[in-house]
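Read off the chains here:
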Amino acid sequence: MFRPLAQPFWHPGAMPPPFYHGAAPLGVPMAPHIGVPVRTVWAANLDAEMVSLRALAARARFIAFAVHYPGVVFHAGAGAGAADHNTLTAGQRYAAIKANADALKPLQVGLAVATHDGRCLAWEFNLSGFDRAGGDPNDAGSVEYLVARGMDLDAHRSRGIPAGRLAGALGGSGLLRRRDLTWICYAGAYHAAYLLKVVTDGQPLPGDVVGFLGAMQQLIGGEVYDVARMARDCPDMPVGLERVASCLGLAPALDSPRLAGAGAVLALQTFLSLVFGVFHGYVNMYRGLLQGLQVT
């Protein structure tokens, strides 16, 4: 028998303190008609938004993350004679993740934070470093997909946040290296790899899977759940975060295109809906499993 999660963070009737202005109330599970606001962050408003994020972090219980990056240019098993993705070892999959994350520049980081007293807010941090015209490696189809969903690469170049500045801001956010937080992603091996790159200011990823998972544990300090793994064990659940969220009747994020901030919101909502609506808190079996690496 798996142990349930700790006591629910939500308290009926909880009133938000002043710095939660604009945040969405969060139930267990989140009411499907409520959309979580996403704050769009550029270089000009980074300092102001970090004040709000640090205040929310003091009461944080759950945090979901999503990172957008310019596709995959190095593929797992290339030259190794692997018949298909399912035959690859975790080490082979990680080698491809590392090759891509080390070489490519992340575009956007989305964080959705839910607190002990039942509030939720999300941020979408837009980075400035990627230059498609300048020859930065990318997969053209993936980049065009993000542009079609609303990403403005020209704005990223002119108004985005330098990678080093975002690394410093997140390092002082109060969210890292805490063992009282539950972290959430969807199909999250690449998202976790790029998150590690962002917060370490572009340092190469560790050389193997063990080092990567150890660095993630040291960095975030808490548990990591991949809701793609959770959804896969639910009968008749579709594949894909937006399809899963729609199946669960979850509301889309507010004030955001369908990019990293909205992805973090849906991952958070999906996790809470599955935990409290399907698994009744018994989800420890999914802790620390990042989809794609298949590390147990």
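Everything numeric in this text was worked out from a predicted model, so none of it was measured.

Visitor: For this particular structure, what's the right way to read the pattern of salt bridges?
Guide: Where charged atoms of side chains with opposite charge meet at close range, the side chains can pair. In the structure shown here, the tally under the stated rule is nine salt bridges. For the salt bridge of K105 with D136, the shortest nitrogen-to-oxygen distance reads 3.3 Å. You can see K105 sitting in the loop between α2 (90-103) and β4 (108-115) and its partner D136 sitting in the loop between β5 (119-126) and α3 (140-148), a full 31 residues away along the chain. In this structure, a network of salt bridges that share partners links the residues R149, E242 and R258.

Visitor: Hey, could you run me through the pairing of β4 in this one?
Guide: Within a regular strand, the side chains alternate between the two sheet faces. Burial of β4 is extensive: eight of the eight residues sit out of reach of the surface. Because side chains alternate across β4, one face comprises the buried residues Q108, G110, A112 and A114, and the other comprises V109, L111, V113 and T115, equally buried. Across eight bridges, strand β3 (residues 60-68) lies against β4 in antiparallel orientation. When the sheet's bridge partners are listed, F65 is paired in β4 with L111. Pairing of β4 with β5, which is carried by seven bridges, proceeds in the antiparallel orientation. In the sheet register, Q108 faces β5, and the bridge partner there is N126. The antiparallel hairpin formed by β4 and β5 contains three residues in its connecting segment, where G118 sits at a positive phi of about 85°.

Visitor: It is not clear to me how the packing of α2 against helix α6 (residues 189-199) should be interpreted in this structure. Could you clarify?
Guide: Pairs of packed helices are described in terms of their axes, by the angle between the two and the distance that separates them. At a minimum axis distance of 10 Å, the contact between α2 and α6 shows a crossing angle of 40°. It follows from the interaxial angle that α2 and α6 lie oblique. The element α2 and its partner α6 pack so that their crossing is right-handed. Every residue of α6 that contacts α2 at A96, I97, N100, A101, D102 and A103 is listed here: A189, Y190, A193, Y194 and K197. The residue inventory of the contact of α2 with α6, partitioned by class, reads eight nonpolar, one polar and two charged.

Visitor: Got a minute to help me understand unusual backbone geometry in this structure?
Guide: Glycine aside, residues mostly have negative phi angles, and peptide bonds mostly take the trans form. In this model, A187 sits at a positive phi of 45°, which is unusual for a non-glycine residue. Summarising the element assignment, A187 is placed in the loop between β6 (182-185) and α6. On the basis of relative accessible area, A187 is assigned to the partly exposed category, the value being 32%.

Cut-offs used in this document
- Numbers given for residues are sequential positions, taken from 1 along each chain in its written order.
- It should be noted that, the model being predicted, local features are given only for residues of pLDDT at least 70 and side-chain atom pairs only at 80 or more, the latter also being counted only at that level, while totals for whole chains, interfaces and linings use all residues.
- To obtain the side-chain values, all non-hydrogen atoms of the structure were included, while hydrogens and water were left out.
- Take a side-chain nitrogen of Lys or Arg and a carboxyl oxygen of Asp or Glu: if they are within 4 Å of each other, that pair is a salt bridge.
- Starting at the N terminus, helices and strands are each numbered in turn, a helix being any DSSP run of H or I of at least four residues and a strand any DSSP run of E of at least two.
- Here the term buried applies to any residue with accessible area under 20% of the maximum for its type, exposed to any over 50%, and partly exposed to those in between, with areas from a 1.4 Å probe on protein chains only.
- Pairing between strands is defined by DSSP: at least two bridges between the two strands are required.
- An axis is simply a line fitted to the C-alpha atoms; with a helix, the fit covers only the stretch in contact. Between two such axes, the angle follows the N-to-C directions and lies from 0 to 180 degrees.
- Oblique is the label for any angle not under 35 degrees, not over 145, and not in the 65 to 115 range, which are roughly parallel, roughly antiparallel and roughly perpendicular in turn.
- Here is the rule for handedness: rotate from the far helix to the near one, and if that takes an anticlockwise turn smaller than a right angle the crossing is left-handed, while a clockwise turn gives right-handed.
- Every residue pair with non-hydrogen atoms within 4.5 Å of one another is taken to be in contact.
- For this scheme, ten residues count as nonpolar: Ala, Val, Leu, Ile, Met, Phe, Trp, Tyr, Cys and Pro. Four count as charged, namely Asp, Glu, Lys and Arg, and the remainder, Gly too, count as polar.

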